[in-house]
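In case you want the letters, here they are:
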Amino acid sequence: MKKSKKVALYIFRLVVWLPVVFEFLNWVKVLGFSLDFSWYWLVITNFFAWILTEIVIYRKKNINLVIILPLIALSIYLDAFWDIFHFYSRVHNYDKFLHFGVSAIIAYSIYEVLNDILYKKHLGKIFSSVIIISFSSTLGMVYEIEEYSEDYFINHKLLRM
């Protein structure tokens, strides 16, 4: 792995683990920050994003980490900071904006992961785009199902609806 990719990976790990530690300390009530939603979801989201990124990097060696990792970190921070600073409740339609922006980041990440497979099989640009959008939409749907499940089973009230 090139030096620039190693540096990007180490910085990404640090950048992702800082909010995980901060969020965990708030979850167990060591720190006193409040949220619009819940600390456990932020911890789970960041941890899941980190694990998924590590798996993809381990399996796929030719990803442009210098571009992908900052985008993934940006999406994690946009979600966390806007929840911590209560922008979800203060800025109208911010949640929709974030879903659109993060979906674009996820779609680009999926493109980076699958581009050599899609083009090696000569599936064409339109069909390849449909596959990428389908994967991105599926991940977004899983995210929404998790949010609803958390509200239903953990919070016992619908915070996000």
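Calculation criteria
- Residues numbered from 1 in each chain as written.
- Predicted model: local features only at pLDDT ≥ 70, side-chain atom pairs only at ≥ 80, totals over all residues.
- Heavy atoms only, no water.
- Core = buried A, V, L, I, M, F, W, Y, C linked by side-chain atoms within 4.5 Å.
- Buried < 20%, exposed > 50% of the residue type's maximum accessible area, 1.4 Å probe, protein only.
- Helix = DSSP H or I, 4+ residues; strand = E, 2+ residues; numbered from the N terminus.
- Contact = heavy atoms within 4.5 Å.
- pLDDT = per-residue confidence, 0-100.
- Phe/Tyr/Trp six-rings, centres within 6.5 Å; stacked < 30°, edge-to-face > 60°.
- Patch = residues over 30% accessible without salt bridge, like charges linked within 9 Å, V, L, I, M, F, W, Y side chains within 5 Å.
- Areas by Shrake-Rupley, 256 points an atom, 1.4 Å probe, with all protein chains shown as cover.
- Salt bridge = Lys/Arg side-chain N within 4 Å of Asp/Glu carboxyl O.
- 1 Å grid on protein atoms, 1.4 Å probe; cavity = no way out; pocket = protein on both sides within 12 Å on 5 of 7 lines; lining within 4 Å.
- Points joined across faces, edges and corners; volume = space filled by probe spheres on them.
- Nonpolar A, V, L, I, M, F, W, Y, C, P; charged D, E, K, R; others polar.
- Expected span 1.5 Å × (residues − 1).

Draft legend 1. Main features of the nonpolar core. Grouped together as the largest cluster of nonpolar side chains are 14 residues, with contacts concentrated most on F12, V16, I57, L65, L69, I72 and I76. Of all elements in the fold, only α1 (3–27), α2 (39–59) and α3 (65–84) reach the threshold of two or more residues within this core. Filtering out sequence-adjacent residues up to four positions away, I72 remains in contact with F12, T53, I105 and S109.

Draft legend 2. Seen up close, the confidence of the model for the protein chain. Looking at the protein chain as a whole, the pLDDT averages 81, with 95% of positions reaching at least 70. The weakest mean pLDDT in the protein chain belongs to helix α4 (residues 87–90) at 78; the strongest belongs to α1 at 84.

Draft legend 3. Region of the structure containing the packing of aromatic side chains. On inspection of all chains with the given rule, the structure shows eight aromatic pairs. Centre to centre, the rings of F24 and W27 are 6.0 Å apart; their planes meet at 85 degrees, and the pair counts as edge-to-face. Taken together, the residues span about one helical turn, with F24 and W27 both in helix α1 at a distance of three residues. Through successive ring pairs, a cluster of aromatic residues spans W17, F47 and W50.

Draft legend 4. Geometry of a nonpolar patch on the surface. Taken together, the side chains of F24, W27, V28, V30, L31 and F33 present a nonpolar region at the surface, about 540 Å² in accessible area. Exposure remark for L31: the relative accessible area of 31% places this residue in the partly exposed category.

Draft legend 5. The arrangement of the layout of surface pockets in detail. Here the largest pocket defines a volume of roughly 1,100 Å³. F48, A49, L52, I106 and L139 are the residues nearest the centre of the largest pocket, which is lined by 42 residues in total. Elements with a minimum of two residues in the lining of the largest pocket: α2, α3, α5 (94–120) and α6 (125–155). By residue number, the principal contributor to the lining of the largest pocket is α5, which donates 13 residues. A per-class count over the lining of the largest pocket returns 27 nonpolar, eight polar and seven charged.

Draft legend 6. A look at the environment of A104. With respect to the element layout, A104 can be found in helix α5. Overall, the relative accessible area of 42% leaves A104 in the partly exposed class. C-alpha of A104 to C-alpha of I133: the two residues are 29 residues apart in sequence and 9.1 Å apart in space.

Draft legend 7. Focus on α3. The terminal C-alpha atoms of α3, which comprises 20 residues, lie 28 Å apart, in line with the 28 Å expected from a rise of 1.5 Å per residue. Within the span of α3, buried status applies to L65, I68, L69, I72, A73, S75, I76, L78, D79, A80, D83 and I84. With its phi angle positive at about 60 degrees, H86 sits one or two positions after the end of α3.

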